[in-house]
Amino acid sequence: MAKLHAIPGAGSAEDNPVVRTIGVADLKAALARGIDDFSAMPTHAFFIALIYPVLGLFLAAAIFGNNVLPLLFPLMAGFALIGPFAAVGLYELSRRRERGEDFSWARASQVLRSPSIGSIAALGIFLLVIFLLWLATAQALYHMVFGAYTPTSVTGFLHEVFTTRQGWTLILLGNAIGLVFSAIVLSISVVSFPMLLDRNVSAATAVQTSLQAVSANPGTMALWGLIVAAALIVGFIPMFFGLAVVLPILGHATWHLYRRLVGP
């Protein structure tokens, strides 16, 4: 029997959601449901996610053209920081399919009519601020390690990163700092965005519930974070186009993960 955790605080039952303890089997089930949703509406999900591979190509082109190669990896890693907000339309499609409603891609725009759209937008802006802070931190770290060195080519940059002491210092510190940023975003967003679509609650309640869900399931949620990171890496490999499949599946799966984490 699942262990339940009530969120403390005043208010009605709707203001005090119940958080479940879940396991690896629940992650597998959420992913399976995510794949099933994607299979049921691949064209719709692809249409919504198409902007991300295109954006990735534009970002890569801008980086190579403006000789700011040191920000290439931070920008790629940053997808994980803004992904929860970007996937709101996918949550809506999964919600509608679950309820037996029309889940054509045009229905994803119903998010804009949600009573919680203000809270959703506010949380989205907060994630954007975290993303910009991550980029600023990554750039500052690069200058701290390499000083004024500016790479003139891709091969030169990769050589400096992977074959020098400074390069490995950058890799280790950058990944450690990135892990902190990712953990923060995962903790505040894994439940909050789906919950705001699903229930009439405040942004504070949604974020509090998300934090409680992670606190009640530290190992399981850490594994979920690793799954998301690995999936994004796979999506990046074929020139970002793999994201057109990876992002919809993760978005749909996150909705079903929320269903398993938060009791009705």
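Residues numbered from 1 in each chain as written. Predicted model: local features only at pLDDT ≥ 70, side-chain atom pairs only at ≥ 80, totals over all residues. Heavy atoms only, no water.

*Asks:* What's the story with the overall build of the protein chain in this structure? I'm lost.
*Replies:* Scanning the protein chain from terminus to terminus reveals 13 helices and two strands. Counting every position in the protein chain, which comprises 264 residues, the buried fraction comes to 45%. For the protein chain, contacts bridging at least 24 residues in sequence account for 72% of all contacts bridging at least 6. Carbon and sulfur atoms make up 70% of the accessible area of the protein chain, which totals about 12800 Å². (Helix = DSSP H or I, 4+ residues; strand = E, 2+ residues; numbered from the N terminus. Buried < 20%, exposed > 50% of the residue type's maximum accessible area, 1.4 Å probe, protein only. Contact = heavy atoms within 4.5 Å. Areas by Shrake-Rupley, 256 points an atom, 1.4 Å probe, with all protein chains shown as cover.)

*Asks:* Mind showing me how you'd approach helix H6 (residues 88-98) here?
*Replies:* Given 3.6 residues per helical turn, the α-helix brings residues three or four places apart onto the same face. Buried residues dominate H6, accounting for nine of its eleven residues. Buried within H6 we find Val 88, Gly 89, Leu 90, Tyr 91, Glu 92, Leu 93, Ser 94, Arg 95 and Arg 96. Once H6 finishes, Gly 100 follows within two positions and takes phi at roughly 75°, a positive value.

*Asks:* Even after reading the chapter, I still don't get helix H12 (residues 218-236), so can you show me in this structure?
*Replies:* Helix length check: H12 (19 residues) gives 27 Å between terminal C-alpha atoms against 27 Å at 1.5 Å per residue, within 8%. Along H12, the residues that are buried comprise Thr 220, Met 221, Trp 224, Val 228, Ala 231, Leu 232, Gly 235 and Phe 236. Considered in projection along H12, the buried side chains sweep an arc of 155° and stay on one side of the axis. Turned more than 90 degrees away from the buried face of H12, the exposed residues are Pro 218, Gly 219, Leu 226, Ile 233 and Val 234. (Expected span 1.5 Å × (residues − 1). Arc of directions from axis to C-beta.)

*Asks:* Any chance you could explain the layout of surface pockets here in plain terms?
*Replies:* The probe, sized like a water molecule, is rolled over the atoms to show the empty space still left. Approximately 1300 Å³ is the volume found for the largest pocket. In this structure, the largest pocket is lined by 48 residues; those nearest its centre are Ala 77, Ala 80, Ser 182, Ala 229 and Leu 232. Mapped onto the lining of the largest pocket, the elements with two or more residues apiece are helix H3 (51-66), helix H4 (72-77), helix H5 (79-86), H6, helix H9 (165-189), H12 and helix H13 (243-261). Considering every element that reaches the lining of the largest pocket, the biggest residue donor is H12, with eleven residues. For the lining of the largest pocket, a count of residues per class yields 37 nonpolar, eleven polar and no charged. Along its surface, the second largest pocket is lined by 19 residues, and Phe 73, Pro 74, Phe 157, Val 161 and Ile 171 are the ones closest to its centre. At the level of secondary structure, the elements contributing two or more residues to the lining of the second largest pocket comprise H4, helix H7 (117-146), helix H8 (154-163) and H9. With five residues, the single largest contributor to the lining of the second largest pocket is H8. Its residues placed into classes, the lining of the second largest pocket shows 17 nonpolar, two polar and no charged. (1 Å grid on protein atoms, 1.4 Å probe; cavity = no way out; pocket = protein on both sides within 12 Å on 5 of 7 lines; lining within 4 Å. Points joined across faces, edges and corners; volume = space filled by probe spheres on them. Nonpolar A, V, L, I, M, F, W, Y, C, P; charged D, E, K, R; others polar.)

*Asks:* Can you walk me through the packing of H9 against helix H11 (residues 203-216) in this structure?
*Replies:* The description of two helices packed together rests on the angle between their axes and the distance between the axes. Look at H9 against H11: their axes get within 6 Å of each other, and the N-to-C directions meet at 115°. On the side of H9, the interface is formed by Leu 186, Ser 187, Ile 188 and Ser 189, while H11 contributes Val 207, Ser 210, Leu 211 and Val 214. The class makeup of the residues in the contact of H9 with H11 is five nonpolar, three polar and no charged. (Axes fitted to C-alpha atoms, helices over the stretch in contact; angles between N-to-C directions.)

*Asks:* Would you mind showing me how to read the nonpolar core here?
*Replies:* What tends to happen in soluble globular proteins is that the nonpolar side chains get buried as a cluster. Ranked by internal contacts, the top residues of the largest apolar core, which has 52 residues, are Val 190, Val 191, Met 221, Trp 224, Leu 232, Leu 257 and Leu 261. Here this core takes nine residues from H13, the largest share from any one element. Setting aside its immediate chain neighbours within four residues, Leu 261 contacts Val 18, Val 19, Arg 20, Ile 22, Val 191, Ala 213, Asn 217 and Met 221. In terms of nonpolar packing, the next biggest core, distinct from the first, is built from nine residues, Leu 141, Tyr 142, Phe 157 and Ile 171 among them. (Core = buried A, V, L, I, M, F, W, Y, C linked by side-chain atoms within 4.5 Å.)

*Asks:* Just checking my understanding: could you explain the packing of H7 against H9 for this structure?
*Replies:* Between H7 and H9, whose axes approach to 10 Å, the crossing angle comes to 165°. On the basis of the axis angle, H7 is roughly antiparallel to H9. As for how H7 packs across H9, the hand of that crossing is right-handed. The class makeup of the residues in the contact of H7 with H9 is 17 nonpolar, seven polar and no charged. (Parallel < 35°, antiparallel > 145°, perpendicular 65-115°, else oblique. Left-handed = near helix turned anticlockwise from the far one by under 90°.)

*Asks:* Would you take a moment to explain the pattern of salt bridges for this structure?
*Replies:* Pairs can form between side chains of opposite charge whenever their charged atoms are close. For the structure on display, the rule yields ten salt bridges. The salt bridge partner of Arg 260 is Asp 26, with a shortest N-O separation of 2.8 Å. Of the two residues, Arg 260 sits in helix H13 while Asp 26 sits in helix H1 (residues 24-40), which places them 234 residues apart along the sequence. Here Arg 259 makes a salt bridge to Asp 198, at a shortest N to O gap of 2.8 Å. Taken together, the residues span a long stretch of sequence, with Arg 259 in helix H13 and Asp 198 in helix H10 (residues 192-198) at a distance of 61 residues. Overlapping salt bridges bring together Glu 92, Arg 95, Arg 96, Arg 99 and Glu 101 as one network. (Salt bridge = Lys/Arg side-chain N within 4 Å of Asp/Glu carboxyl O.)

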